[in-house]
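Chain and residue survey
What follows is the residue order along each chain.
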2 protein chains.
Amino acid sequence: MDLKQFIRDVPDFPQPGVLFRDITPLLKEPAAFQYAIDWFRDQLSGLGVEAVVGIESRGFIFAAPLAYQLAVPFIPVRKSGKLPAARMSVEYALEYGTSELDIHQDALSPGQNVAIVDDLIATGGTAIATTKLVELLGARVAALAFLVELAGLGGRERLKEYRVLSLIRYE
Amino acid sequence: MDLKQFIRDVPDFPQPGVLFRDITPLLKEPAAFQYAIDWFRDQLSGLGVEAVVGIESRGFIFAAPLAYQLAVPFIPVRKSGKLPAARMSVEYALEYGTSELDIHQDALSPGQNVAIVDDLIATGGTAIATTKLVELLGARVAALAFLVELAGLGGRERLKEYRVLSLIRYE
């Protein structure tokens with residue numbers, strides 16, 4: 001299935017000069033969404049994944065069906081201030097300034113084998129922060145899986161010690 | 001299944017005097033998460049639902065697996081400034097001030113039969129705003145379904161012209 005037909009290019013969003021890859025047309029097409037979820041499942045099913053970590057908020061859209069399908073825990077990684085119980089935090093750089101991602105301290109167990117799921121990888125900043133959160137809890141990153149990869153922005157190279165999977169790739 | 005055992009009470013979050021019902025233990029328990037998703041599916045499967053609208057961001061965790069299961073479109077309703085293409089907006093009241101929810105203008109078709117899904121209903125403010133967005137596009141609300149209902153806060157009464165479903169109820 002040619003999934004790029006379901007990605008809408010929106011110029012100058014969220015700011016001038018940025019070409020935004022909008023996945024909502026894909027979410028609206030059940031056959032395409034099912035194809036994507038089944039791809040995640042097939043890619044990860046041989047890796048002994050014991051938990052799926054979804055990155056807020058579009059990552060939840062793929063991580064949650066995947067956790068359901070694999071019958072493993074769904075673990076949310078959220079922006080600062082959203083998770084209510086005891087948590088670990090990692091700061092990461094944005095274009096201007098920094099932001100923070102949180103995970104609950106009891107979310108993962110030492111040695112647990114984890115897949116990290118998000119809709120898109122660009123520079124890899126949030127993905128790298130999420131690998132740090134997983135490893136702070138003693139768990140292992142079996143793979144990072146993304147619906148869309150913006151290959152020109154170098155996220156894969158910054159994650160080269162990990163298995164990085166993507167379904168739709170733009171140069 | 002007694003799902004309340006998987007809801008963690010966190011006092012004074014996000015502010016003093018509020019008892020936060022944390023659903024992350026339920027998300028972490030595959031049998032409980034699957035029970036919840038299957039409950040949504042069973043509740044909605046007789047209603048001719050043609051699209052599932054998920055409210056950012058915890059609503060995505062239930063709406064996405066449900067859309068997958070029902071093989072219907074997944075439609076995100078998001079906070080202001082997140083959706084990139086042409087959109088409709090509705091303002092709603094918070095305890096102090098107002099906030100805004102958006103939907104893409106091409107997300108739904110006139111007459112389409114829609115289920116609105118979120119993790120929790122309290123006063124119903126975001127749920128009511130979402131019914132307005134659905135109806136602005138000419139679609140119909142077949143039901144609103146929530147994992148958790150805080151019944152004492154009156155959301156159901158404010159939505160009394162709609163079918164409101166909830167799996168876990170606190171008085």
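Above this text you will find the structure in question.
Rules behind the numbers
Residues numbered from 1 in each chain as written. Chains lettered and ligands numbered in written order. Predicted model: local features only at pLDDT ≥ 70, side-chain atom pairs only at ≥ 80, totals over all residues. Heavy atoms only, no water. Pairing = 2+ DSSP bridges. Helix = DSSP H or I, 4+ residues; strand = E, 2+ residues; numbered from the N terminus. Axes fitted to C-alpha atoms, helices over the stretch in contact; angles between N-to-C directions. Contact = heavy atoms within 4.5 Å. Buried area = accessible area lost by both parts, 1.4 Å probe. Salt bridge = Lys/Arg side-chain N within 4 Å of Asp/Glu carboxyl O. Polar contact = N/O pair within 3.5 Å; in protein donor to acceptor, adjacent residues only side chain to side chain. Nonpolar A, V, L, I, M, F, W, Y, C, P; charged D, E, K, R; others polar. Expected span 1.5 Å × (residues − 1). Buried < 20%, exposed > 50% of the residue type's maximum accessible area, 1.4 Å probe, protein only. Least-squares fit on C-alpha atoms with pLDDT ≥ 70 in both.

Some remarks on the sheet that holds strand S6 (residues 98-104) of chain A
Residue and element names in this part refer to chain A. What the 7 strands build is an open sheet, ordered S5-S6-S4-S3-S7-S8-S9; its pairing is mixed. Each having just a single partner strand, strand S5 (87-93) and strand S9 (164-170) make up the two edges of the open sheet. Ignoring strand direction, the axes of neighbouring strands in this sheet form an average angle of 20 degrees. Two elements, strand S3 (residues 51-55) and strand S4 (residues 74-79), share 4 bridges in a ladder whose sense is parallel. Note on S4: the bridge partner recorded for Val-53 is Ile-75. Lying on the sheet, helix H2 (residues 30-44) is in contact with strand S7 (113-121), strand S8 (140-150) and S9; it crosses S9 at an angle near 145 degrees. Contacting S3, S4, S7 and S8, helix H3 (residues 58-70) crosses the sheet at an angle of about 165 degrees to S3.

Observations concerning the interface of chain A and chain B
Taken residue by residue, the interface counts 38 residues in chain A and 38 residues in chain B. Taken together, the two surfaces of chain A and chain B that pack against each other cover about 3,300 Å², and 61% of this comes from carbon and sulfur. The largest share of the area that chain A buries against chain B comes from A:Lys28, A:Tyr68 and A:Pro84, three residues that together contribute 21% of it. At the surface where chain A touches chain B, the tally comes to 2 salt bridges. Here B:Asp106 ties to A:Arg8 by a salt bridge, and the two come within 2.7 Å at their closest N and O atoms. Between chain A and chain B we count 20 residue pairs in polar contact (both at pLDDT 80 or more) in total. Elements with a minimum of two residues in the side of chain A that touches chain B: strand S1 (8-11), strand S2 (19-22), helix H1 (24-28), H2, H3 and S4 of chain A. When residues of the side of chain A that touches chain B are assigned to their parent elements, the largest contribution, 7 residues, is made by H3(A). Each residue belonging to the side of chain A that touches chain B can be placed in one class, and the counts come to 22 nonpolar, 6 polar and 10 charged.

Observations regarding the pairing of S6(A)
The side chains of a regular strand alternate between the sheet's two faces. All names here are of chain A. Bridge count between S4 and S6: 2 bridges; the pairing is antiparallel. Bridging across to S6, Arg-78 finds its partner in Asp-102. Where S5 lies against S6, 7 bridges are found, and the strand directions are antiparallel. Bridging across to S6, Arg-87 finds its partner in His-104. Linking two consecutive strands that pair antiparallel, namely S5 and S6, is a turn of 4 residues; a positive phi of about 85 degrees is found at Gly-97 within it.

Topic: the sheet that holds strand S8 (residues 140-150) of chain B
Residues and elements named next belong to chain B. Judged by pairing direction, the sheet is mixed, and its 7 strands sit side by side in the order S5-S6-S4-S3-S7-S8-S9 without closing on themselves. Edge positions in the sheet fall to strand S5 (87-93) and strand S9 (164-170), since each of these pairs with one other strand and no more. Strand-to-strand, the axes of this sheet are offset by a mean angle of 20 degrees, without reference to chain direction. In this structure, strand S3 (residues 51-55) lies alongside strand S7 (residues 113-121), joined through 4 bridges in parallel fashion. Within S7, the position partnered with Val-53 by the bridge is Ile-116. On the sheet, helix H4 (residues 125-136) packs against S3, strand S4 (74-79), S5, strand S6 (98-104), S7 and S8 and is oriented at approximately 150 degrees with respect to S5.

Here we look at H2(A)
It helps to recall that an α-helix has 3.6 residues per turn; residues three or four apart then point in one direction. Compared with an ideal rise of 1.5 Å per residue, which puts 15 residues at 21 Å, H2(A) spans 21 Å between its outermost C-alpha atoms and is within 8% of the ideal. Within H2(A), burial applies to A:Pro30, A:Ala32, A:Phe33, A:Ala36, A:Ile37, A:Trp39, A:Phe40 and A:Leu44.

What about the relation of the copies chain A and chain B?
Once turned by 180 degrees and shifted 0.0 Å along the axis, chain A lies on chain B with an RMSD of 0.0 Å. Both copies of the chain, as the preceding transformation shows, are related through a two-fold rotation axis. Within chain A, the C-alpha atom positioned nearest to the axis of rotation is that of A:Pro65, 2.1 Å from it. A shared binding surface is used by both copies, with 100% of the interface residues of chain A retained as interface residues in chain B.

Notes on the pattern of salt bridges
Residue and element names in this part refer to chain A. Scanning the model with the defined rule gives 24 salt bridges over all chains in all. A salt bridge links Asp-38 to Arg-41; the nearest nitrogen and oxygen atoms lie 3.3 Å apart. Of this pair, Asp-38 and Arg-41 both sit in helix H2, 3 residues apart, roughly one helical turn. Salt-bridge contacts for Arg-87 lead to Asp-102; the nearest nitrogen and oxygen are separated by 3.7 Å. Here the residue Arg-87 occupies a position in strand S5, and Asp-102 occupies one in strand S6, the gap between them amounting to 15 residues. It is possible to trace a salt-bridge network through shared partners that takes in Glu-149, Arg-156, Arg-169 and Glu-171.

It is worth stressing that arrangement in space is one thing and function is another; only the former is reported here.
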